2 protein chains.
Amino acid sequence: MSSAPVVILVEPQLAENIGMVARAMANFGLSELRLVAPKNGWPKKGVREAASGATHVLDGAVVYATVGQAIADLNYVLATTARERGQMKRVTGPDEAMRDVATRTGQRVGILFGRERAGLSNDEVSLADAIVTFPVSPDFPSLNLAQGVLLVGYEWRRAAGLAQLPFSGEMLSPPATREAMASLVGTLEESLAEAGFYPPEKREIIARNMRDMLHRMAMTEQDVRTLRGALKALHGRRSRVASPRP
Amino acid sequence: MSSAPVVILVEPQLAENIGMVARAMANFGLSELRLVAPKNGWPKKGVREAASGATHVLDGAVVYATVGQAIADLNYVLATTARERGQMKRVTGPDEAMRDVATRTGQRVGILFGRERAGLSNDEVSLADAIVTFPVSPDFPSLNLAQGVLLVGYEWRRAAGLAQLPFSGEMLSPPATREAMASLVGTLEESLAEAGFYPPEKREIIARNMRDMLHRMAMTEQDVRTLRGALKALHGRRSRVASPRP
């Protein structure tokens, strides 16, 4: 499998953004951050707070003077940009780009992200092998720096086959046996019949619809026990109402 | 096609987060925001700045007292949660969840996002039809509120078939004709032969490798003109060096 790509921020300005980039990287298992000539120096006040715990990424961040130096040791470089640059390079979304990156076994890959306002210069883009852009709404295309990094990390993790969900929805109690279901349905139908719920000619079809509803619930043993209890309570109550004690 | 899902923030606290949620929504074409009992009231100071322009989402935001009221008019509700709740509901990632949502033509869908610290309560999760969770790194699973919304919006836009990239990488100048390529390659080989670059016995194989390199560049007419000029300049210089003027 390919190693996680390096995130390279070119002249980032706001501590909040750099911290949130570190957090977004950590969320999807990216750890190597490079900063090219951060505006107003480095480290920045407030950056650790913004990283809310992703300090290992910030502590490992390396500062470079130029983009050329920041990418010198890399084998493949992507440039993120929101607009056409008249540069004839391959342009893909983060999904396709990361699928490509994931196939580059043994290669060091870096992804360039531009300045908050101005993005990357055309000269900086020209240093990249390909361009990554995001399928944003044309009505509101301006993506925050950390959110561009987040989408790249999300797609890298998926492309690398690491995207497991933190938990699954499997049943905590086993599905009810068909016998338990049949018995519950039987009890319900009897109670309803006693309660005069069914117009005689409609009993069959109404009962079938209710069976369908109950089976759509994909009940567990526990669910069946709960409904049995509820049914018993209602039925008992109805009897008391029907024949009040002296 | 299904309409865009409603984003419902339950007791959100920080203006920065709500503003960034609005921005993330606008980035992917979501516009309907609902707020359940925002902490410390609404509107919040600084929220518009954090939305950096996505004010149409904030202006349309509606405040509700309870989750029940916020979802009353919806047909299908998803709850986002980072951890197992012992609730037997379908659990999917944002990609699968949004593919399902995109098929719900004519249904109003809402997605619940919990408090910054505590998330959603189990009672709130129990009001949802299914659970959405994110394939984050187990080492750093804490996803910022706006970033969870961003991933849902990104996947919804893709599932709805709206995810066009803002520009493509198509060539701005047509690919060079094979004739132009052959002629460039010919000139290069002649110049190199004249310059004594080829060991005679190796000329064929070296020439073939260079042809392969040049074709890998997928050159345009413009590229060919540029390289022709460069070659001419080098060749001229070499001649001058070889036979200096008196």
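Residues numbered from 1 in each chain as written. Chains lettered and ligands numbered in written order. Predicted model: local features only at pLDDT ≥ 70, side-chain atom pairs only at ≥ 80, totals over all residues. Heavy atoms only, no water.

(A) Up close: the overall build of chain A. From N to C terminus, chain A includes 10 helices and seven strands. For a compact globule of 246 residues, the expected C-alpha radius of gyration is about 18 Å, and chain A comes in at 30 Å, more than 25% above that figure. Its C-alpha atoms give chain A principal-axis dimensions of about 95 × 40 × 40 Å. Looking at chain A as a whole, 46% of its 246 residues are labelled buried. A distance of 6 Å separates the average location of the 30 positive side-chain charges in chain A from that of its 26 negative side-chain charges. (Helix = DSSP H or I, 4+ residues; strand = E, 2+ residues; numbered from the N terminus. Rg over C-alpha atoms; globule rule 2.2 N^0.38 Å. Buried < 20%, exposed > 50% of the residue type's maximum accessible area, 1.4 Å probe, protein only. Lys, Arg positive; Asp, Glu negative; His and termini not counted. Charge placed at Lys NZ, Arg CZ, Asp CG, Glu CD.)

(B) Highlighting the interface of chain B and chain A. Each side of the interface is counted separately: chain B has 54 residues, and chain A has 55 residues. For the chain B and chain A pair, buried surface summed over both sides reaches about 4,300 Å², with 64% attributable to carbon and sulfur atoms. Sorting the residues of chain B by area buried against chain A places M88, F140 and F167 of chain B first, and these three jointly supply 18% of that buried surface. The interface formed by chain B and chain A contains four salt bridges. Taken together, the links from chain B to chain A amount to 16 residue pairs in polar contact (both at pLDDT 80 or more). (Contact = heavy atoms within 4.5 Å. Buried area = accessible area lost by both parts, 1.4 Å probe. Salt bridge = Lys/Arg side-chain N within 4 Å of Asp/Glu carboxyl O. Polar contact = N/O pair within 3.5 Å; in protein donor to acceptor, adjacent residues only side chain to side chain.)

(C) Examining the packing of aromatic side chains more closely. On inspection of all chains with the given rule, the structure shows five aromatic pairs over all chains. Look at F197 of chain A and Y198 of chain A: their rings are 5.3 Å apart centre to centre, the planes differ by 70°, and that puts the pair in the edge-to-face class. By relative accessible area, Y198 of chain A is classed as buried at 9%. Here the aromatic cluster, defined as three or more aromatic residues joined through ring pairs, consists of F28 and Y154 of chain A together with F28 and Y154 of chain B. (Phe/Tyr/Trp six-rings, centres within 6.5 Å; stacked < 30°, edge-to-face > 60°.)

(D) Region of the structure containing empty space enclosed by the protein. Residue and element names in this part refer to chain A. Enumeration according to the criterion identifies one cavity of 30 Å³ or more in this entry. Roughly 40 Å³ of internal volume is contained in the largest cavity. Taken together, Y76, L78, R90, T92, A97, D100, A130 and I131 form the lining of the largest cavity. Every element with two or more residues in the lining of the largest cavity is listed here: strand 4 (76-80), strand 5 (90-92), helix 5 (94-102) and strand 7 (130-132). Here the residues of the lining of the largest cavity are counted per class, giving five nonpolar, one polar and two charged. (1 Å grid on protein atoms, 1.4 Å probe; cavity = no way out; pocket = protein on both sides within 12 Å on 5 of 7 lines; lining within 4 Å. Points joined across faces, edges and corners; volume = space filled by probe spheres on them. Nonpolar A, V, L, I, M, F, W, Y, C, P; charged D, E, K, R; others polar.)

(E) Looking closely at the UniProt feature "domain: tRNA/rRNA methyltransferase SpoU type" (unreviewed entry) in chain A. Feature annotation in UniProt places "domain: tRNA/rRNA methyltransferase SpoU type" (unreviewed entry) on residues 6-153 of chain A, given in this structure's numbering. Secondary structure content for residues 6-153 of chain A is 33% helix and 19% strand, and the end C-alpha separation is 10 Å. (UniProt positions renumbered as here; feature names shortened; annotations may be inferred.)

(F) Just the relation of the copies chain B and chain A, in detail. Its rotation angle being 180°, the transformation that places chain B on chain A also includes 0.1 Å of axial translation and leaves an RMSD of 0.1 Å. Seen this way, the second copy is the image of the first under a two-fold rotation axis. Of the residues that chain B buries at the interface, 100% are likewise interface residues in chain A, meaning the two copies contact each other through the same surface. (Least-squares fit on C-alpha atoms with pLDDT ≥ 70 in both.)

(G) Representation of helix 9 (residues 203-216) of chain B. Residues and elements named next belong to chain B. When the terminal C-alpha atoms of helix 9 are compared, their 20 Å separation across 14 residues agrees well with the 20 Å that a helix rising 1.5 Å per residue should span. All of the buried residues in helix 9 are I206, A207 and L214. Seen along its axis, helix 9 keeps its buried residues to an arc of 100°; they face one direction. (Expected span 1.5 Å × (residues − 1). Arc of directions from axis to C-beta.)

(H) View of the sheet that holds strand 1 (residues 6-10) of chain B. Residues and elements named next belong to chain B. Spatially, 3-2-1-6-4-7-5 is the arrangement adopted by the seven strands of the open sheet, whose pairing is parallel. With partners counted over all chains shown, the strands left at the sheet margins are strand 3 (62-64) and strand 5 (90-92), one partner each. Ignoring which end each strand starts from, the neighbouring axes of this sheet average 25° apart. Where strand 4 (residues 76-80) lies against strand 6 (residues 109-113), four bridges are found, and the strand directions are parallel. The partner of Y76 across the bridge, within strand 6, is V109. Helix-sheet contacts for helix 5 (residues 94-102) involve strand 4, strand 5, strand 6 and strand 7 (130-132), and the interaxial angle to strand 5 is about 115°. The sheet strands contacting helix 7 (residues 145-159) are strand 1 and strand 6, and the helix crosses strand 6 at an angle near 155°. (Pairing = 2+ DSSP bridges. Axes fitted to C-alpha atoms, helices over the stretch in contact; angles between N-to-C directions.)

(I) Representation of helix 7 of chain B. Residue and element names in this part refer to chain B. Spanning 15 residues, helix 7 covers 21 Å between terminal C-alpha atoms, matching the ideal 21 Å at 1.5 Å per step. The element helix 7 is extensively covered by neighbouring structure, given that 13 of its 15 residues are classed as buried. Phi for G161, located one or two positions after helix 7, is positive at around 75°.

(J) Geometry of the nonpolar core. One finds L33 of chain A together with L33 of chain B to be the most contacted residues of the largest nonpolar core, which totals 86 residues. Apart from residues lying up to four places away in sequence, L33 of chain B is in contact with V7, L9, I18, V21, M25, V57, L58, G60, A61 and V62 of chain B. (Core = buried A, V, L, I, M, F, W, Y, C linked by side-chain atoms within 4.5 Å.)

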